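# A look at the structure
Here is what each chain is made of, one letter per residue.
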Amino acid sequence: EVLRRPGLPARKIRVVGVPPNPAWIDDGTAARQNSAMPRPTYRWRFITINTHCSWLPGDQRGFRNRNHRIDSSGDYKDPPPPEEHAGLREYNQVNSGNAVEIPKHLRALIGRAIIARLEKEGYRVLAVSVSYDHAHILVELPDDIALVRRIIGRCKRAACEAVKHELPARIWSAGGDWDPIDDREHQDNSYSYALTKQGPRAWTWSFKDGETDARAE
């Protein structure tokens, strides 16, 4: 805007009232819809869901028991000592069923069903990956854990419905991990992890791929 005052040369002034976008918003692509910045009352989350019996209490990769009644001292990045919770691990290996593995040719069906379910409910999805024993979802959801659990539960049911012709039994374990994302660096790292760190046989999708072929019922 140009301001002119009598007897003085014109000078430019900055219009206030419209603050610049935070640095972590990607405003270079319309498709991303300023996706790094969550909508009010929403939060970006990196969701992980595991297949049934694939990650049991006592697992050597680390684990978190429901309601944190028993927690290991490490995680998959920094595993706990092998002897930690060895008795619990042995008990579950003997008494639990076989871990469910998702065949490679069904992973796309499962991923697309999850995306379709989330988009039908109006949630923004940035990336999804499906491997043989787990799935990752980078998605913006209401900032309410109880509601997040219900939403992801519906995604699990949609995925089961999509492949029931070949996997008629239970696919998913209860619960999941709902890691919150509060800055752009964390979002970028999660996005990259879901798409590039799941191995060559994982099915992956990102918002750049556009619409999936699936439609939620």
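In this report, we go over the structure that sits alongside the text. For every chain, the first residue of the written sequence is number 1, and numbering continues from 1 along that sequence. It should be noted that, the model being predicted, local features are given only for residues of pLDDT at least 70 and side-chain atom pairs only at 80 or more, the latter also being counted only at that level, while totals for whole chains, interfaces and linings use all residues. Excluding hydrogens and water, the side-chain figures rest on all heavy atoms present in the structure.

### A short note on the overall build of the protein chain
For clarity, the cut-off: Every helix listed is a DSSP run of H or I at least four residues long, and every strand listed is a run of E at least two residues long, numbered separately from the N terminus. Each residue is assigned to one of three classes by its accessible area relative to the maximum for its type, calculated with a 1.4 Å probe on protein chains only: buried under 20%, partly exposed between the two thresholds, exposed over 50%. In this analysis, two residues are considered to be in contact whenever any of their non-hydrogen atoms come within 4.5 Å of each other. Shrake-Rupley sampling with a 1.4 Å probe provides the accessible areas, and residues are treated as covered by the protein chains on show and by no other component.
For the protein chain, the count of helices and strands is four helices and seven strands. Going residue by residue from the N terminus, the α and β elements of the protein chain occur as β-β-β-α-α-β-β-α-β-α-β. A burial count over the protein chain gives 39% of its 217 residues as buried. Of all intrachain contacts in the protein chain linking residues separated by at least 6 positions in sequence, the fraction that spans at least 24 positions is 66%. Carbon and sulfur atoms provide 50% of the accessible area of the protein chain, an area that totals close to 13,100 Å².

### Some words on the pattern of salt bridges
Spelled out, the test is: A side-chain nitrogen of Lys or Arg and a carboxyl oxygen of Asp or Glu constitute a salt bridge if their distance falls within 4 Å.
This structure, assessed with the given rule, holds nine salt bridges. A salt bridge links Glu-140 to Arg-39, with the nearest nitrogen and oxygen atoms 2.8 Å apart. Residue Glu-140 is located in strand E5 (residues 134-142), and its partner Arg-39 is located in the loop between strand E2 (11-12) and strand E3 (42-50); the two are separated by 101 residues in the primary sequence. Overall, Glu-140 belongs to the buried group, its relative accessible area being 0%. Linking Asp-188 and Arg-184 is a salt bridge whose minimum nitrogen-to-oxygen distance equals 2.7 Å. Of this pair, Asp-188 and Arg-184 both sit in helix H4 (residues 184-196), four residues apart, which is roughly one turn of that helix. Relative accessible area serves as the criterion here: at 17%, Arg-184 is assigned to the buried category.

### Topic: the sheet that holds strand E6 (residues 177-181)
The cut-off we apply is this: Pairing between strands is defined by DSSP: at least two bridges between them are needed. Note on geometry: axes are lines fitted to C-alpha atoms, helical ones only across the stretch in contact, with angles between N-to-C directions running from 0 to 180 degrees.
Taking strand neighbours across the sheet as the criterion, the five strands line up as E6-E3-E5-E4-E7 in an open arrangement whose pairing is antiparallel. The sheet terminates laterally at E6 and strand E7 (203-206), the two strands that pair on one side only. Mean inter-strand twist for the sheet, computed between neighbouring axes without regard to direction, equals 20°. With five bridges joining them, strand E4 (residues 125-130) and E5 adopt antiparallel strand pairing. Directly across from Val-125, in E5, lies its bridge partner Val-139.

### Quick notes on helix H2 (residues 104-120)
Formally: Here the expected span of a helix is defined as 1.5 Å times the quantity of residues minus one.
For H2, which comprises 17 residues, the first-to-last C-alpha distance of 25 Å matches the rise-based estimate of 24 Å (1.5 Å per residue) to within 8%. Those residues of H2 that fall on the buried side of the exposure criterion are Leu-106, Arg-107, Ala-108, Ile-110, Gly-111, Ala-113, Ile-114, Ile-115, Ala-116, Arg-117 and Leu-118. Residues of H2 that are buried make contact with E3, E4, E5, helix H3 (145-162) and E7. At the exit of H2 stands Gly-122, carrying a positive phi of roughly 90°.

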